[in-house]
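One letter stands for each residue in the lines below.
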Amino acid sequence: MGLFEKPKSIWSILNSRPITFYTSSFPLEKVGSSFFHGERFTSRPLTGEGAMASHTFLSLLLFYFYTFHLVHPIHCSVGSNAFDTTSAPQEEFSEELLLKPLPDYKVLAHFHFTSTSPPSSSNGQHHHLFPKSIAQLVKKYKIRELELSFTQGRWNYDRWGASDPLSTANGKPPGVELWALFDIPTKEEIDATWRNLTHSLSGLFCASINFLESSTSYSAPLWGFLPNNGDLRYGALPREAVCTENITPWLKLLPCRDKAGIASLLDRPSIYRGHYHSQRLKLRSDGLNGIVIEQTLSVVLQPIDRTSWSMHQLFKKSLMGKCALAKSSKVFLEIERSLVSQNENILELVGEADMVTNDQRDHSTIYQYNVERYSEHEALDIRVNWKKLLQVSFLQTPLHASRFLMGSGNERGSIAISLQSARNSTKGLYDNSKNCFTRVVIFQVVPWYVKVYYHTLRIYVDGAIRDAKDVVEKINVTPSEDKVSPGTLEMMLQFPCGMMSAALTLDFDKGFLHIDEYPPDANQGFDIPSALVSFPDFISRRIYPDSISSPLLQSYKGRNIVKSYTEVLLVPLTTPDFSMPYNVITFTCTVLALYFGSMVNVLRRRVSEEERLAKSKDKRKPGLIPLLISKISNKVRGIKEDSANQSQSSQPILGPKVVFKVVLIALIAVLGHYFFNSS
Amino acid sequence: MASDPMGSQLRRILSIFFSLSIILPLSSPSPTMHNNNWAVLVCTSRFWFNYRHMANTLSLYRTVKRLGIPDERIILMLADDMACNARNNYPAQVFNNENHQLNLYGDNVEVDYRGYEVTVENFLRVLTGRHEASVPRSKRLLSDEGSHILLYMTGHGGNEFLKFQDTEELQSHDLADAVKQMKEKNRFKELLIMVDTCQAATLFSQLQSPGVVTIGSSMKGENSYSHHLDPDVGVSVVDRFTFYTLAFFERLDMYSNASLNSLFTSYDPTLLMSTAYYRTDLYERPLNMVPVTNFFGSVMKTIPTDSAYPGFLVAHASEYATISAETETARVVLEDEADHSKTYDQSEKGLQHILDEWLKLLEGKLGVKDPEVLVAYGLGSMVLLLTISTWLSS
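Conventions used here
The residue numbers shown here count from 1 along each chain, following its written sequence. Think of it this way: whatever chain is written first is A, whatever ligand is written first is 1, and the rest follow in order. Local features in a predicted model are, by the rule used here, given only for residues with pLDDT of at least 70; side-chain atom pairs are given and counted only at 80 or more, and totals for whole chains, interfaces and linings are based on all residues. Excluded from the side-chain calculations are hydrogens and water; all other atoms, namely the structure's heavy atoms, are used. Going along the chain from the N terminus, every DSSP run of H or I of four or more residues is numbered as a helix, and every run of E of two or more is numbered as a strand. Exposure classes here rest on a 1.4 Å probe applied to the protein chains alone. A residue is buried below 20% of its type maximum, exposed above 50%, and partly exposed in between. Any two residues having at least one pair of non-hydrogen atoms within 4.5 Å are treated as being in contact. Here the Shrake-Rupley method, with its probe set to 1.4 Å, supplies the accessible areas, and only the displayed protein chains count as covering residues. Any two strands with at least two DSSP-identified bridges between them are counted as paired. Salt bridges are defined by distance alone: a side-chain nitrogen of Lys or Arg within 4 Å of a carboxyl oxygen of Asp or Glu. UniProt positions are given in the numbering used here, feature names are shortened, and annotations may be inferred rather than shown by experiment. The term polar contact refers here to a pair of N or O atoms within 3.5 Å; inside protein, the definition further demands a hydrogen-donor-capable atom paired with an acceptor-capable atom, and it admits residues adjacent in sequence only when both atoms are side-chain atoms. An expected span of 1.5 Å times one less than the residue number is assigned to each helix. By convention in this document, the label disulfide applies to cysteine sulfur atom pairs within 2.5 Å. Convention adopted: a line fitted to C-alpha atoms gives each axis, helices being fitted over their contacting stretch, and angles between N-to-C directions are expressed from 0 to 180 degrees. For this analysis, a nonpolar core means a set of buried residues of the types Ala, Val, Leu, Ile, Met, Phe, Trp, Tyr and Cys, connected via side-chain atoms within 4.5 Å. Geometry of aromatic contacts follows a simple scheme: Phe, Tyr and Trp rings, the Trp one being its six-membered ring, pair when their centres are within 6.5 Å, and the pair is stacked under 30 degrees between planes, edge-to-face over 60, tilted otherwise. You can read pLDDT as the predictor saying how much it trusts each residue, on a scale of 0 to 100.

1. Overview of the overall build of chain B
Okay, step 1: Along the backbone of chain B there are eleven helices and 13 strands.
Okay, step 2: Counting across all 394 residues of chain B, residues that qualify as buried make up 51%.
Okay, step 3: In chain B, the share of contacts with a sequence separation of at least 24, taken over all contacts with a separation of at least 6, comes to 73%.
Okay, step 4: In the form shown here, chain B has an accessible surface area of approximately 18,100 Å², with 57% of it arising from carbon and sulfur atoms.

Right, here's the structure in full:
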């Protein structure tokens, strides 16, 4: 009854008259079905009124009241003692920030927010920390796993590291990349679900993800991207812009948004000024753990002063305490061993860390700061000073991958993928014995208008061409189909360990698009999304002692395969001069009009008729009623006049002149036809 | 004896026909209250040098948000990404003035259609509500018969067209058809179309739907010019018409009672370098009685009623006109609206009364005469007309 008392008090003020508010005009039914279309979550998921599938007004109304009764006591308890009410698993939220000085004096800031929701049976459809919109998405589309990334710029694998877990997870292709694993049996259903999912996500994240809906833009790799049973869908939009409107809804998924806690550091101009910016949403859902979302944002920033930076300088904001709803709120500073070991004094830290630990293999040192200790009066500000400028490099991938285009002209070309050994920096990983092989998996999706001939695959190892059979261990090709599906290449290659460089080339023809299919800026060229090159023999992991309980460092422990994305390729296609069709249409129409006009004139024109018309035109055309009257009066008395006129001016219809004209025109037409056909 | 039932039947059919023809058109325009506000803001230009068009649109976005329209009732269409454009020296910021006092992009912008999605097709789909089933709610204009909609468009245009993305055109006929369809579907109560483009007035020439008020930045044959260039950004940042519109709105807040008329007459042709043209012949209310917040804001009033159904609302609106509305403006407008509905009510009743009388008379006359005679006369007159017409046309 608690909730029903509130309206009553309002009624009593207004002379106990019932009140109708016209501020929110949606009929109740629309609110109920809102989540089917991925509504932007403007209300926090506390009342749970929207989470049901019934369409009838009555049942909805009943449910509405029912949930109010049900939710109200839970609602009250959330604020005060959320974590000690029951032994059942609770929804949890934790926020972390990892700062890492990079060898080129830039700084990597990695924000990591984790929300978990226990399996839905335990608490129904109500959430108090977990974003309702995501839970609805997972339930509706039966998603097992999903990752959506918005990226601007390219991760610099050479300078910022390539084989540590952070770079393996952070390196994302420019634009939007989306992949999802579904818990749906048939292929057709998965495709339909994918289509709806892209629309929902596009509404949620203010992006044109719905362009991935068309079958020409997504593919279903079997093992090249992630081993699966055909229930994976992958799509990328390399040219999608990433800006404030994408981070706004992303932040709204957090319980404190950007009002408190670590997310309050996200000053938009500062983070978008960075050299690299990747915003991700990764979710996993299963019956055991419920739903887990990881929201990460990685930014590579350039401090104004290369030798010294602090958090406040980087973000232009200070961190004043944690988000009250977060279970844990920590800031880490990770320093690679390679930066410290040579000379202990390269880096100097200002600010006292709560804990300092090294990872198991002694690759890096972690400084931990608990945000709880800080407040408005004492903001957390980590300062790092470089004492000596040194050029050091981080762990590289075993092979440095890059991709480029060859050939010229608008007809054909070829794609080349080059792999350069980075042995210098990763000594000890190789031996030169003959039985040692490095496996490389290449996954590449090419739009249909770039028609790749997969039989032209040539593989060069150390400059010499090699038979594909010797190198290719496994290959899966889905050729593109015009305007239906893109071409997908999944290829597992085996290279000898001692190899210095390898190259692959594939020839392609450039297709033609329909005039409607050209984008407004077609002259800029067309993008081929990044290829993914992964190294299944190399695992990037970093194990920190269990004394640090952190979802971020926990994710470091996973067996992540080392991988890197290549460049996006820009293919110039033949683009028509878009005014040309208009020219052609107007020109042909003129010719046709002239030809047919003169023909019709010659065949049908009657001089007598014309004279009569000219005569009648001389008179001003009267209105309807005067015309009627004049006609009637003409009928009565003027019939003779008219007939006299007619007989006077009547002439033979086919005069010799007319016959001559017709013959002449026909002759010209026949000659012209003959001439054009023969030439 | 057989003629009697036939006659009564005929009488019944005729009376039903007449009563239908009288009642239907009268009952359909039952005046619904203005109860929600929507805004559709469209920037149709791509490419960096059209920065000012995006700044125009975002300025309007900021204004309507400031005056109370929430983000979920604003459909924002931006044809290109200027804020995070590689050429933008101020990432994630868009300015409409060289003093850089105000970042239009802010921290909480929600763009519904962007980039290649801004097409004439999508624009017309938004207006008419004809979407695919999977299109999310945030991309739909979910207005109803009580909605006031602000439609703002800016871009490059010409005589009776507006260019989208430099490839397609929205013609004045397309716009008029869409608006007509919206009216048929009861998607708006009143619609304000504001267009900032060259020869903007020509875009409205085909509009016919009632409840539409339009304003354009320039007349036929006139260009709309940009206001000033920002040397830091490197391009012009705002158009004149929008600049002076914003200058008008900067003085207002949610509770101001400035009228549409004061906005429309505030444009000075010498400052604009074009003539702002507004068309009000389709609009019933006098412009000086319409607060600008009716379109550019979302200022609502609460009206206590005896029942929750809007059908009974009209009769009581005048009765309760003294309830506490937030400001005097609101009250004035409310009373005005109530008066209006009352007079409408009266005139409607009078008309109905006359028609009722006539119907009775007709029925009486028909009852006296023999129906068979009537039919015979009718046929005879038709034959006569037919012969006359054939004689004339031969």
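From this point on, the discussion continues.
2. A look at the overall build of chain A
Okay, step 1: Regarding its fold elements, chain A presents 19 helices and 27 strands.
Okay, step 2: For chain A, with 679 residues in total, the buried portion stands at 47%.
Okay, step 3: Across chain A, contacts joining residues at least 24 apart in sequence account for 76% of those joining residues at least 6 apart.
Okay, step 4: Accessible surface, chain A: about 33,900 Å² in total, of which carbon and sulfur atoms supply 57%.

3. A closer look at the environment of Gln524(A)
Okay, step 1: Note on placement: Gln524(A) falls in the loop between strand E23 (501-510) and strand E24 (526-528).
Okay, step 2: Residues Gln524(A) and Leu265(A), 259 residues apart in the sequence, show an inter-C-alpha distance of 36 Å.

4. Quick look at the pairing of strand E2 (residues 74-78) of chain B
Residue and element names in this part refer to chain B.
Okay, step 1: The element E2 is largely enclosed, with a buried count of five among its five residues.
Okay, step 2: Residues of E2 alternate between two faces, with Ile 74, Leu 76 and Leu 78 on one and Ile 75 and Met 77 on the opposite face, all of them buried.
Okay, step 3: Bridge analysis of strand E1 (residues 36-43) against E2 gives five bridges, and the strand direction is parallel. Each residue of the ladder has a partner; that of Val 42, found in E2, is Met 77.

5. Examining the pattern of salt bridges
Okay, step 1: As enumerated under the stated definition, the model contains 40 salt bridges over all chains in all.
Okay, step 2: Glu110(B) is the partner of Lys252(A) in a salt bridge, and the nearest nitrogen-oxygen pair spans 2.7 Å. Of this pair, Lys252(A) sits in the loop between helix H9 (244-251) and helix H10 (268-272) while Glu110(B) sits in the loop between E2 and strand E3 (113-114), each in a different chain.
Okay, step 3: A residue is classified by how much of its surface remains accessible, and Glu110(B), at 2% relative accessible area, is buried.
Okay, step 4: A salt bridge links Lys65(B) to Asp71(B), with the shortest nitrogen-to-oxygen separation between them at 3.0 Å.
Okay, step 5: Here the residues in one salt-bridge network are Lys100(A), Asp164(A), Glu334(A), Glu336(A) and Arg542(A), joined through shared partners.

6. Considerations on the UniProt feature "active site" (unreviewed entry) in chain B
All names here are of chain B.
Okay, step 1: On the UniProt side, "active site" (unreviewed entry) is annotated at positions that read His 156 and Cys 198 here. What stands out for the annotated residues spanning 43 residues is how close their C-alpha atoms remain, the widest pair being 6.6 Å apart.
Okay, step 2: You can see His 156 is positioned in the loop between strand E4 (147-154) and strand E5 (157-158).
Okay, step 3: Among the residues examined, His 156 registers a relative accessible area of 29% and is labelled partly exposed.
Okay, step 4: Apart from residues lying up to four places away in sequence, His 156 is in contact with Thr 44, Ser 45, Asn 50, Arg 52, His 53, Leu 162, Lys 163 and Thr 197.
Okay, step 5: Among the polar contacts made by the side chain of His 156, one reaches the side chain of Asn 50 at a distance of 2.8 Å.
Okay, step 6: Its place among the elements puts Cys 198 in the loop between strand E8 (190-196) and strand E9 (212-216).

7. A short note on helix H8 (residues 187-205) of chain A
Okay, step 1: In a regular helix each residue adds 1.5 Å, so 19 residues correspond to 27 Å; H8(A) covers 26 Å between its end C-alpha atoms and thus fits that length.
Okay, step 2: Following H8(A) by one or two positions, Cys206(A) has its phi on the positive side, about 50°.

8. As for the state of the cysteines
Okay, step 1: Under the criterion given, the structure shown has three disulfides over all chains.
Okay, step 2: Two residues share a disulfide in this structure: Cys243(A) and Cys84(B), whose sulfurs sit 2.0 Å from each other. Judged by the torsion about the S-S bond (75°), the Cys243(A)/Cys84(B) disulfide is right-handed. Placement of the pair is Cys243(A) in the loop between strand E7 (232-237) and H9 and Cys84(B) in the loop between E2 and E3, with the two residues belonging to separate chains. Residue Cys243(A) shares its accessibility class with Cys84(B), and that shared class is buried.
Okay, step 3: The structure places no disulfide on Cys43(B), whose sulfur is separated from the nearest cysteine sulfur, that of Cys243(A), by 14 Å.
Okay, step 4: Classification of Cys43(B) as buried rests on a relative accessible area of 2%.

9. Examining the sheet that holds strand E7 (residues 168-171) of chain B
Residues and elements named next belong to chain B.
Okay, step 1: Read across the sheet, three strands follow the order E5-E6-E7 without closing on themselves; strand pairing throughout is antiparallel. The outermost strands of the open sheet, each flanked by one partner alone, are E5 and E7.
Okay, step 2: Here E5 runs beside strand E6 (residues 161-164); their pairing, made up of two bridges, is antiparallel. Bridging across to E6, Gly 157 finds its partner in Leu 162.
Okay, step 3: Strand contacts of helix H3 (residues 120-128): E6 and E7, with the helix running at about 35° to E7, the strand carrying the most contacts.

10. Considering the side chain of Arg46(B)
Okay, step 1: With respect to the helices, strands and loops of the structure, Arg46(B) is situated in the loop between E1 and helix H2 (51-66).
Okay, step 2: Residue Arg46(B) is classed as buried on the basis of its relative accessible area, which comes to 7%.
Okay, step 3: Only 3.4 Å separates the side chain of Arg46(B) from the side chain of Asp521(A), close enough to count as a polar contact.
Okay, step 4: Reaching out from Arg46(B), the side chain makes a polar contact with the backbone oxygen of Ala79(B) at a distance of 2.9 Å.
Okay, step 5: Among residues more than four places away in sequence, those in contact with Arg46(B) are Pro520(A), Asp521(A), Ala79(B), Asp80(B), Gly115(B), Tyr116(B) and Gln165(B).

11. Some details on the UniProt feature "transmembrane region" (unreviewed entry) in chain A
Residue and element names in this part refer to chain A.
Okay, step 1: Those places that UniProt annotates as "transmembrane region" (unreviewed entry) correspond, in this numbering, to residues 582-603 and 658-676.
Okay, step 2: Secondary structure over residues 582-603 splits into 100% helix and 0% strand, and the C-alpha atoms at its two ends are 31 Å apart.
Okay, step 3: The straight-line gap between the two end C-alpha atoms of residues 658-676 is 27 Å; of that span, 100% is helix and 0% is strand.

12. Things to note about the nonpolar core
Okay, step 1: One finds Leu99(A), Phe111(A), Val331(A) and Phe296(B) to be the most contacted residues of the largest nonpolar core, which totals 128 residues.
Okay, step 2: Apart from the residues lying within four places of it in its own chain, the contact partners of Phe111(A) are Glu96(A), Leu97(A), Ile262(A), Leu265(A), Leu266(A), Gln295(A), Thr296(A), Leu297(A), Val299(A) and Phe315(A).
Okay, step 3: Counting 39 residues, the second-largest nonpolar core is a separate cluster that includes Val446(A), Val452(A), Leu504(A) and Tyr518(A).

13. A few points about helix H19 (residues 656-678) of chain A
Okay, step 1: With 23 residues, H19(A) should reach 33 Å at 1.5 Å per residue; the first-to-last C-alpha distance of 33 Å fits that figure.
Okay, step 2: Along H19(A), only zero of the 23 residues are buried, which leaves the element largely exposed.

14. Digging into the packing of aromatic side chains
Okay, step 1: The full count for this structure, using the stated rule, is 28 aromatic pairs over all chains.
Okay, step 2: Aromatic side chains Trp155(A) and Tyr276(A) sit 5.4 Å apart centroid to centroid with 70° between the ring planes, which places their arrangement in the edge-to-face category. Separated by 121 residues along the polypeptide, Trp155(A) in the loop between strand E4 (143-152) and helix H6 (157-160) and Tyr276(A) in strand E8 (residues 276-286) bring together distant segments of the chain.
Okay, step 3: Accessibility expressed as a relative area gives 0% for Tyr276(A), which makes it buried.
Okay, step 4: With a centroid separation of 5.1 Å and 70° between ring planes, the pair formed by Trp48(B) and Tyr51(B) is classed as edge-to-face. Comparing Trp48(B) with Tyr51(B) shows no difference in burial state: the two are buried.

15. Digging into the confidence of the model for chain B
Residue and element names in this part refer to chain B.
Okay, step 1: Looking at chain B, the pLDDT average stands at 81 and 76% of residues meet or exceed 70.
Okay, step 2: Counting interchain partners and residues more than four positions distant, the pLDDT-below-50 stretch residues 20-29 has eight contacts.
Okay, step 3: The model gives residues 315-346 a pLDDT under 50, and that stretch makes 36 contacts with residues more than four places away or in other chains.
Okay, step 4: The complex model carries a pTM of 0.74, and its ipTM stands at 0.73.

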